[in-house]
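# Tertiary structure, described
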Amino acid sequence: MAYSIALIPGDGIGPEVCAAAREILHASGVEFEWREYPAGVAAFEACGDPLPGETLEAVRGSDATLKGPTATAKGVGFRSVNVALRQKLELYANFRPARSLPGIKTRYENVDLIVVRENTEGLYSGLEHIVVPGVVESLRVITEKASRRIARFAFETAKRQGRKRVTCVHKANILKLSDGLFLATCQEVAAEFPEIAFDDCIVDAAAMKLVMNPQNFDVLVMENLFGDILSDLTSGLVGGLGVTPSANVGEKIAVFEAVHGTAPDIAGKGLANPTALILSGVLMLRFLGEKAAADAVEAAVRGVLAEGKTITGDLGGNATTQEYTAAVIARLG
Ligand code: NAI
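Report follows, based on the coordinates. (Residues numbered from 1 in each chain as written. Predicted model: local features only at pLDDT ≥ 70, side-chain atom pairs only at ≥ 80, totals over all residues. Heavy atoms only, no water.)

### Focus: the overall build of the chain
Stated formally: The numbering of helices and of strands both runs from the N terminus, where a helix is a DSSP run of H or I of at least 4 residues and a strand a run of E of at least 2. Every radius of gyration here is taken over C-alpha atoms, with the globule rule written as 2.2 Å times N^0.38, N being the number of residues. Per-residue accessibility, obtained with a 1.4 Å probe over protein chains only, is compared with the maximum for each type, and a residue is labelled buried under 20%, exposed over 50%, and partly exposed between these values. Contact between two residues is taken to exist if any of their heavy atoms lie within 4.5 Å; hydrogens are not considered. All accessible-area figures derive from a Shrake-Rupley calculation using a 1.4 Å probe, and residue coverage is judged against the displayed protein chains alone.
Check the secondary structure of the chain and you find 11 helices and 12 strands. A compact globule built from 333 residues would reach a C-alpha radius of gyration of about 20 Å, and the chain, at 20 Å, matches this within 12%. The C-alpha extent of the chain, read off along each of the three principal axes, is 55 × 45 × 40 Å. Looking at the chain as a whole, 52% of its 333 residues are labelled buried. Long-range pairs, those at least 24 residues apart, make up 73% of the contacts in the chain between residues at least 6 apart in sequence. In the form shown here, the chain has an accessible surface area of approximately 14,900 Å², with 54% of it arising from carbon and sulfur atoms.

### Considering the sheet that holds strand β5 (residues 112–118)
Inclusion rule: What makes two strands pair is DSSP finding at least two bridges between them. Only the contacting stretch of a helix is used when fitting its axis, a line to C-alpha atoms as for every element, and angles between N-to-C directions run 0 to 180 degrees.
Read across the open sheet, the 10 strands follow the order β2-β1-β3-β12-β11-β4-β5-β10-β8-β9; overall the sheet is mixed. Each having just a single partner strand, β2 (32–36) and β9 (197–202) make up the two edges of the open sheet. The mean inter-strand angle of the sheet, taken between neighbouring strand axes irrespective of direction, is 25 degrees. With 7 bridges connecting them, strand β4 (residues 93–99) and β5 associate as antiparallel partners. Within β5, the residue paired with A93 across the bridge is E118.

### Re a nonpolar patch on the surface
To be explicit about the condition: The patches described consist of residues with a relative accessible area above 30% and no salt bridge, like charges being joined within 9 Å and nonpolar side chains (Val, Leu, Ile, Met, Phe, Trp, Tyr) within 5 Å. Basic side-chain nitrogens of Lys or Arg form a salt bridge, by our definition, when they fall within 4 Å of a carboxyl oxygen of Asp or Glu.
On the surface, V131, V132 and V135 cluster together into a nonpolar patch covering about 220 Å² of accessible area. Mapped onto the fold, V135 is located in strand β7 (residues 135–138).

### Overview of unusual backbone geometry
Phi is positive for E90, close to 55 degrees, though the residue is something other than glycine. Tracing the backbone shows E90 in the loop between α4 (81–88) and β4. Of note, the phi angle at A263 is positive, near 40 degrees, even though the residue is not glycine. Mapped onto the fold, A263 is located in the loop between β12 (254–258) and α9 (275–287).

### Remarks on empty space enclosed by the protein
So the rule is basically this: For each structure, a 1 Å grid was placed over the protein atoms alone; sets of points admitting a 1.4 Å probe that cannot get out are labelled cavities, open sets with protein on both sides within 12 Å along at least five of seven lines are labelled pockets, and lining residues have an atom within 4 Å of a point. Grid points are joined across faces, edges and corners, and a volume is the space filled by probe spheres set on the points.
The tally for this structure, following the rule as stated, stands at 1 cavity of 30 Å³ or more. Its boundaries defined by the atoms lining it, the largest cavity holds a volume of some 30 Å³. Lining the largest cavity are N82, L85, R86, L91, N248, V255 and E257. For the lining of the largest cavity, the secondary-structure elements that each account for two or more residues are α4 and β12.

### With respect to the site of the ligand
The line we're drawing: Whether a residue is near a molecule or strand depends on its heavy atoms: it is near if one of them lies within 4 Å of it. Definition of a polar contact: a pair of N or O atoms within 3.5 Å, with one able to donate and the other able to accept a hydrogen when the atoms are protein atoms, and with sequence-neighbouring residues admitted only if both atoms are side-chain atoms. Throughout this entry, Asp, Glu, Lys and Arg are counted as charged residues, while Ala, Val, Leu, Ile, Met, Phe, Trp, Tyr, Cys and Pro are counted as nonpolar. The remaining residues, Gly among them, count as polar.
Around the ligand, the structure places 19 residues, and the nearest of them are T70, G261, A263, D265 and N273. Between an oxygen atom of the ligand and a main-chain N or O atom of T262, the distance comes to 3.0 Å. In this structure, an oxygen atom belonging to the ligand sits 2.7 Å away from a main-chain N or O atom of A263. Burial of the ligand by the protein chains amounts to 64% of its free accessible area of 820 Å². A per-class count over the shell around the ligand returns 8 nonpolar, 7 polar and 4 charged.

### Things to note about the pairing of β9
Inclusion rule: Crossovers are marked right-handed if the path from the first strand over the helix to the second runs clockwise, as seen with the strands pointing away from the viewer.
Across 6 bridges, the pairing between strand β8 (residues 165–170) and β9 is parallel. Following the sheet pairing, R165 is matched in β9 by A197. Handedness of the crossover joining β8 and β9 through helix α6 (residues 178–191) is recorded here as right-handed.

Set out below in C-alpha cells:
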C-alpha cells in the first residue's frame, strides 16, 4: 500500500528542492501518494494564514510530511510556520544527524553524530513580560515530563541505530535547578538503557570539544536553545546547512525538512542544492521502516557527491538542480 505523504513545497527554493526530492523518492521504488498543501508567505498571501487549518490537518493525518523551507515575513500577524507546527502538533523532538559527506571539503573527516534537541520548552516557551519599562524577563521553562520524553527519544534512537553513547549537554553547574532537573532526568533514563553508555558535558565545553574532536561524540541530547545553536554548529562540521537533513518528531507525527531557508537570492533559477531535503527524505524512509530504500538513496547521493562531476554551485560545481537530481536517479538504477 502507498504511504500517504503531505508535501509542503513552501517558499523560495522550496518547490524546486521538493520536486527533486519527490522524484528521487519515487525512483527508490517505494510507493507514495503525495498531496500538496500550502504554508508560508504564499499561503499567507492566498488565504491570510501562513499555516492554514487544512495543511495542519493533512500533516496530522498523513503517514509523514516532507516540508520545504517557508519564509517568515517580518511584522505583526505572521507567526513562524515551523514554530507553529512544532507547538500545535507537539513535535517535541528535533533530530539532526551530522555525517561527513564524500567530496565535500570540510575541516573534519569521519564525523558521524546526532543532535537531539528538545523542541517545545526552554527559552522558546514564549513566556516573556515587561517587569518595569526598560526591563524584560523571558522564562526558561524546564519540566521533568518534557526532559524525560526527550531523554527517552535520544536513548531509543541510539538503541535503534546501534549507537554506543548518549551525552547530555547542559549548564547544571550554574542553572542548578532547571538544568539540574534536565541532567538528573537524563541520568534516570540512562539507567533504563544499560547497554548504552551515558555521560554529560557542560554546554560551553561541548562547543569547544565539538570543534576540536567532533569524532568523539555519538548522540547528544539537550534543551531547546542549546540544541538550536549546537545543531547549526554540527551542520557546519559536515558542510553546512545546504547538506544537512532534519526531522521534527512527535508521538505519531513526523515532519522532515532541510535546515536551510528559502534562499531568495537563487529562488526560481534552478540552482538550488536539493541534498539536504533528499537526505531528509532518507530520514523519512527510515521512519517509515523502508531501510533498504533509505540506504539506496543515501548511497546514490554520496556516490554523486564523491564523484564531484555533477554538483551544484554552492558546492563548487555548475550543475542545475535538475541535472543533480538526474545524476542521483541514474545511480539508483
Ligand atoms: P537561507 O538558508 O535561505 O540562505 C542563506 C544562504 O545560503 C543564501 O546565500 C542561499 O542562497 C544559500 N542556500 C541556502 N540553501 C541553499 C540550497 N539548498 N542550495 C544552495 N544555496 C543555498 O537563509 P536566510 O537568507 O537567512 O533566510 C531566508 C528565509 O528563509 C527567511 O525568511 C527565513 O525565515 C527562512 N528560513 C526558513 C527555514 C525553514 O523553513 N526551515 C529555516 C531557515 C530560514
